[in-house]
Amino acid sequence: MPSFSSIKATANTLNLTWKTQRTNTTGYEIQYSTSKDLKKNPKIIDVTKNKIKTTTIKKLKSKKTYYLRIRSYKKIGKKKYYSEWSKIKKVKTK
């Protein structure tokens, strides 16, 4: 199960870094929202390459709290097999 190693917030962006998994992984999904349980208007970023371990989320609102989590997946044929979600991380933009 992947986890975030660092989250850096600026006024309108979040810079994310996570620990990669070397085997049995095709990509990662990052989910973020302004609600604590990630059920109200969640957004998902799909990182399709296993070697990528950083991404930036842009066009966020400043001075707002965001909640994030990440999971890995393995694609076999047309089907995706997912790991469990990581613990939810809380971060506030500046």
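Our structure's up above, just so we're on the same page.
Residues numbered from 1 in each chain as written. Predicted model: local features only at pLDDT ≥ 70, side-chain atom pairs only at ≥ 80, totals over all residues. Heavy atoms only, no water.

Undergrad: I keep staring at the overall build of the protein chain and nothing clicks. Help me out?
TA: Of the regular secondary structure elements, the protein chain holds zero helices and eight strands. Helices and strands appear in the protein chain in the N-to-C order β-β-β-β-β-β-β-β. Relative to the 2.2 N^0.38 estimate, which gives 12 Å for 94 residues, the radius of gyration of the protein chain is 13 Å and therefore close to what a compact globule would have. Principal-axis analysis of the C-alpha atoms gives the protein chain an extent of 40 × 25 × 20 Å. Relative to its 94 residues, the protein chain shows a buried fraction of 36%. Taking the intrachain contacts of the protein chain between residues at least 6 apart in sequence as the baseline, contacts between residues at least 24 apart amount to 63%. When the accessible surface of the protein chain is totalled, it reaches about 6400 Å², and 48% of it is carbon and sulfur. Counting 27 positive and 4 negative side-chain charges, the protein chain places the centres of these two groups 9 Å from one another. (Helix = DSSP H or I, 4+ residues; strand = E, 2+ residues; numbered from the N terminus. Rg over C-alpha atoms; globule rule 2.2 N^0.38 Å. Buried < 20%, exposed > 50% of the residue type's maximum accessible area, 1.4 Å probe, protein only. Contact = heavy atoms within 4.5 Å. Areas by Shrake-Rupley, 256 points an atom, 1.4 Å probe, with all protein chains shown as cover. Lys, Arg positive; Asp, Glu negative; His and termini not counted. Charge placed at Lys NZ, Arg CZ, Asp CG, Glu CD.)

Undergrad: Would you mind showing me how to read the side chain of Arg71 here?
TA: Mapped onto the elements of the fold, Arg71 is located in strand β6 (residues 65-76). Overall, Arg71 belongs to the buried group, its relative accessible area being 16%. Residue contacts for Arg71: discarding those within four places in its chain leaves Pro2, Gly27, Tyr28, Glu29, Tyr82, Ser83, Glu84 and Trp85.

Undergrad: Which parts of the structure should I look at to understand the environment of Ser35?
TA: Along the chain, Ser35 turns up in the loop between β3 (27-33) and β4 (43-47). Residue classification places Ser35 among the buried positions, given a relative accessible area of 13%. As a C-alpha pair, Ser35 and Lys64 span 29 residues in sequence and 11 Å in three-dimensional space. Beyond its immediate chain neighbours, meaning those up to four positions away, Ser35 contacts Lys40 and Tyr67.

Undergrad: Before we go on, may I ask you to explain the side chain of Glu29 in this structure?
TA: Within the secondary structure layout, Glu29 lies in strand β3. On the basis of relative accessible area, Glu29 is assigned to the buried category, the value being 8%. There is a polar contact of 3.5 Å between the side chain of Glu29 and the side chain of Tyr82. Beyond its immediate stretch of four places on either side in the chain, Glu29 contacts Ile44, Ile45, Asp46, Arg69, Ile70, Arg71, Tyr73, Tyr82 and Trp85. (Polar contact = N/O pair within 3.5 Å; in protein donor to acceptor, adjacent residues only side chain to side chain.)

Undergrad: Can you help me understand a positive patch on the surface in this one?
TA: Taken together, the side chains of Lys36, Lys63, Lys90 and Lys92 make up a positively charged region of the molecular surface. Secondary-structure assignment places Lys63 in the loop between β5 (54-57) and β6. (Patch = residues over 30% accessible without salt bridge, like charges linked within 9 Å, V, L, I, M, F, W, Y side chains within 5 Å. Salt bridge = Lys/Arg side-chain N within 4 Å of Asp/Glu carboxyl O.)

Undergrad: What am I meant to see in the sheet that holds β5 here?
TA: Strand-to-strand pairing in sheets goes through backbone hydrogen bonds, with the strands running parallel or antiparallel. Strand order in this open sheet of three strands is β1-β2-β5, and the pairing throughout is antiparallel. The open sheet has two edge strands, β1 (4-9) and β5, and neither has a second partner. This sheet shows a mean twist of 15° between the axes of neighbouring strands, independent of strand direction. When strand β2 (residues 14-18) meets β5, the two strands line up antiparallel, connected through four bridges. In the sheet register, Thr17 faces β5, and the bridge partner there is Thr54. (Pairing = 2+ DSSP bridges. Axes fitted to C-alpha atoms, helices over the stretch in contact; angles between N-to-C directions.)

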